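# Tertiary structure, described
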Amino acid sequence: MSQVTRGMFMLGSPALRRLRAPSSISLRNLAAVGSQRKTTVPSISKMSPMAVASSSGFQKAMKTTLSSLGIDKATGITKPTTIYRNLPYPEVFKHEEQNKEGEVTKNGTFCVSTGQFTGRSPKDKYFVKQAPSDKKLDWGKINKGVAPEVYKNIYDKAVKHYNTNVDKMYVFDGYCGTSPKSRKNVRIITELAWQHHFAKNMFIRPETEEEVANFVPDFTIINACKIVNEDYKELGLNSEVAVVFNVEESKAVITGTWYGGEMKKGIFSMMNYWLPLDGVMSMHCSANKGKDGDTALFFGLSGTGKTTLSADPARYLIGDDEHGWDEDGIFNFEGGCYAKTVNLSRENEPEIYDAIKRDALLENVIIKKNGEPDYADVSRTENTRVSYPIYHIDNYEPSGMGDHPKSIVFLTCDAFGVLPPVSRLSPGQAMYHFLSGYTAKVAGTERGVTEPTPNFSAGFGAAFLTLHPTVYADLLQEKLDKHGTQCFLINTGWTGGGYGVGKRMSIKATRACVDAVLDGSINKTKFTKEPVFGFEVPQELPNVPSKVLNPREAWSDKGSYDATRTKLADMFKNNFTKFVKPGMTDYTAYGPE
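Everything numeric here is computed off the predicted structure, so don't read it as measured data. (Residues numbered from 1 in each chain as written. Predicted model: local features only at pLDDT ≥ 70, side-chain atom pairs only at ≥ 80, totals over all residues. Heavy atoms only, no water.)

### Topic: the sheet that holds strand β5 (residues 125–128)
Spelled out, the test is: Only when DSSP finds a minimum of two bridges between them are two strands counted as paired. Labels follow the DSSP assignment, with helices taken as runs of H or I lasting at least four residues and strands as runs of E lasting at least two, numbered in each case from the N terminus. Residue contacts follow a heavy-atom distance rule, with two residues in contact if any of their heavy atoms lie within 4.5 Å. Axis angles are defined between N-to-C directions and span 0 to 180 degrees, where every axis is a line fitted to C-alpha atoms and, for a helix, only to the segment in contact.
Pairing is mixed in the open sheet, where nine strands are placed in the order β1-β2-β7-β8-β9-β11-β10-β5-β6. Only two strands of the sheet have a single neighbouring strand rather than two, namely β1 (63–64) and β6 (144–146). Here strand β7 (residues 168–176) runs beside strand β8 (residues 184–190); their pairing, made up of seven bridges, is antiparallel. In the strand pairing of β8, V171 is matched with I189. Against the sheet, helix α9 (residues 261–277) makes contact with β5, β7, β8, β9 (219–224), β10 (242–246) and β11 (251–255), and its axis sits at roughly 155 degrees relative to β8, the strand it touches most.

And the structure:
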C-alpha cells in the first residue's frame, strides 16, 4: 500500500521532501535569493534572524551547564556533567558516530533505527487533567487525561534516569513558528545525539549563541525514551509507552518510544492549543507560493500527497506539514521537512533522492552491504522517513512566510473510489469537509495500520487537535470570509473501483488538477453538480480523462458505484452527527443528501 502511495505521487514532484543544501548558505545568500522574488512578505533584511527558517544554526560546538541554562531549577535534572547545546551539524555527526547510534550510508548520511516503534503511538498520548486547561482541552480518545500524580510518577522516573544514568545530554533551544508575533520558544532535552539531530532538523534553528543568550522556553520536552513504564497497568495507561503533556507546567515527558516524530507532533499539538486561543489559526497543511506571491495551502493526512503535491518547481515552498495563519498571513511552524522514503528513486523524485546526504537523518531505512539505502525494503517498516532542514530545497521560501492564501486544497485518499479527482466547494461545503476530514489511513504511519483504512479526521489532523474541532472551523470560516479564499477537494485515492479493484489516481491527472486550481483556470471551465455530495465537478480539464473527472464513468459496474457512493455518503452523515450540537454552527446541509 505504501508502494502505491509513493508511486502515484513521486513522478515530477520535486522540491518538497528533499534534503539539505550546503551548510555554508548564509542569510546574505538568502537575502539575494529573496530579492529576486516578487513576494508580499517582509524581506530577510527586515526580519529578525530568529524568524527565518533557513538558518543552519550555530557554527561552533557549545558546551554549557545545567545551571546556566536554568534546567536544574526548571526540571530537577541536576547530575549530567556534560551538556551540549545546539550542536553544529558536523559536531552532531561526530557524536552520532562516537555513540554508535546508527550507521553511515555510502554518501555520508546518518541512518538510525527507532527500535520497536517506527511510528507515533497515539493511544499513549496524554494530557494532565487539571485547571485551567481542563476546561479548554477536548477530552476523548485523542486527548486522554491522566491525574497529576500519574504524570508526576512518569516525570520523576525520567528525571531520576537523567540524574542516575546520564553523564552527557543534549539540549536544543529554538523556535516553533517563523512569524515573530506568533512563534514559541521550545527546548528539547535528549540523551541521544540523533534525537538532537532530529530536533535541529525540524525546528527553527537560532543563528548565533547571542540570540539565545537569555533564552526562556515556552515549552520543554524531556525525552527519556529509554524508560519503560512496567507499571503502566497500575497507572491506568495503555502500554509501557507514555507521552504526557503538562500544559500548566509547560513541560512534556516522553518515555518508552524512540520515535522522533513524537517530539515534532508533540510541539504541534501544543501549538494547536496555544494559537487558536489567541485568535491564530493552526493547521496541519503544507504551503507554497507563486512568483507573484499567491499562496496556497494543502490540507491532508499522511499518505494523501500533502508533502509531494505542494512541491512545485514553479513555486516556492513555505513548508510541508504545519502552519499558522495570523493577521499577517501564513507562516511555517518548522525549520525542516519530514518525508517518507519508501520506494524513493532518482527517476521518480530526483530532488529528494539527490538531497539525501550529510546533515539529513534517515530513519528505519535498510542499508545494503555496499552502504546504499534500500528504499524498496520495507522489512522494518513501511514508514521509513528522512528529516532535513528546509534550506536544502532549491526553491524554498527563505522567510518561511506567505500572504493570505488565494486557494486551499483539501486532499483526500478515497479508498472507496467514489470521489472525483477535483471538486469545487462552496464556503459551507468547505467547512463541512474541513470538519469531516475524510481520507484513508495509510500503511505504516501508525502502529497496527497495514493497509488503507477509511478514516474521518477533523481538520485533516484530528490526532493533533487539542481543542474542539469547531474552534478551528470557526477560525477558518473567519479567515475564508475575510480574505475570499477559494477551497477545493482533491482525491488522490482510487478511481475505477475501490481499493483492491480500481487503481490509484495518476500523478499526471492529480498534478493537472492542482495546476488548474493554482493558476485559476479551473474557474473558466463548465461544472456539473454532483447529485449526492452536491459539490461542483469540472466537465473537462487538460490532461485529465473525462471519465476520470466523472468517477461513475470510470467504474465498469455503474450499479456497484451507486451503491458504494450511497455507502460513503452515509458514512459522512453518521460521522458528522457529532458536530451538530447546541451552540455550534450546523453545516449538515452542505454535506451529502
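### Description of unusual backbone geometry
Put simply, the rule reads: Buried, partly exposed and exposed residues are distinguished by accessible area as a fraction of the type maximum, computed with a 1.4 Å probe on protein chains only: under 20%, between the cut-offs, and over 50%, respectively.
Note that the residue after A131, namely P132, is joined by a cis bond; omega there is 0 degrees. When you line up the elements, P132 lands in the loop between β5 and β6. Despite not being glycine, N86 shows a phi value in the positive range, around 45 degrees. With respect to the helices, strands and loops of the structure, N86 is situated in the loop between β2 (82–85) and α5 (89–98). Residue N86 is classed as buried on the basis of its relative accessible area of 3%. Backbone geometry places N343, a non-glycine residue, at a positive phi of 65 degrees. You can see N343 is positioned in the loop between β17 (336–340) and α11 (350–355).

### Description of the packing of helix α12 (residues 427–436) against helix α17 (residues 558–576)
The packing of two helices is summarised by the inter-axis angle and the distance between the axes. Selection criterion: When describing relative orientation, an angle under 35 degrees is termed roughly parallel and one over 145 degrees roughly antiparallel, while 65 to 115 degrees is termed roughly perpendicular and anything else oblique. The residue classification treats Ala, Val, Leu, Ile, Met, Phe, Trp, Tyr, Cys and Pro as nonpolar and Asp, Glu, Lys and Arg as charged. All others, Gly included, are polar.
It is the contact of α12 with α17, at a shortest axis distance of 10 Å, that shows an interaxial angle of 80 degrees. Judged on the interaxial angle alone, α17 and α12 are roughly perpendicular. Contacts from Y432, H433, L435 and S436 of α12 reach α17 at F572, K573, N575 and F576. Looking at side-chain class alone, the contact of α12 with α17 contains four nonpolar, three polar and one charged residues.

### Some details on the confidence of the model for the chain
Using the following cut-off: Per-residue confidence from the prediction method is given by pLDDT, with values spanning 0 to 100.
This prediction gives the chain a mean pLDDT of 88; 88% of its residues lie at or above 70. The low-confidence segment residues 1–51 (pLDDT under 50) makes 159 contacts with residues lying over four places distant or belonging to another chain.

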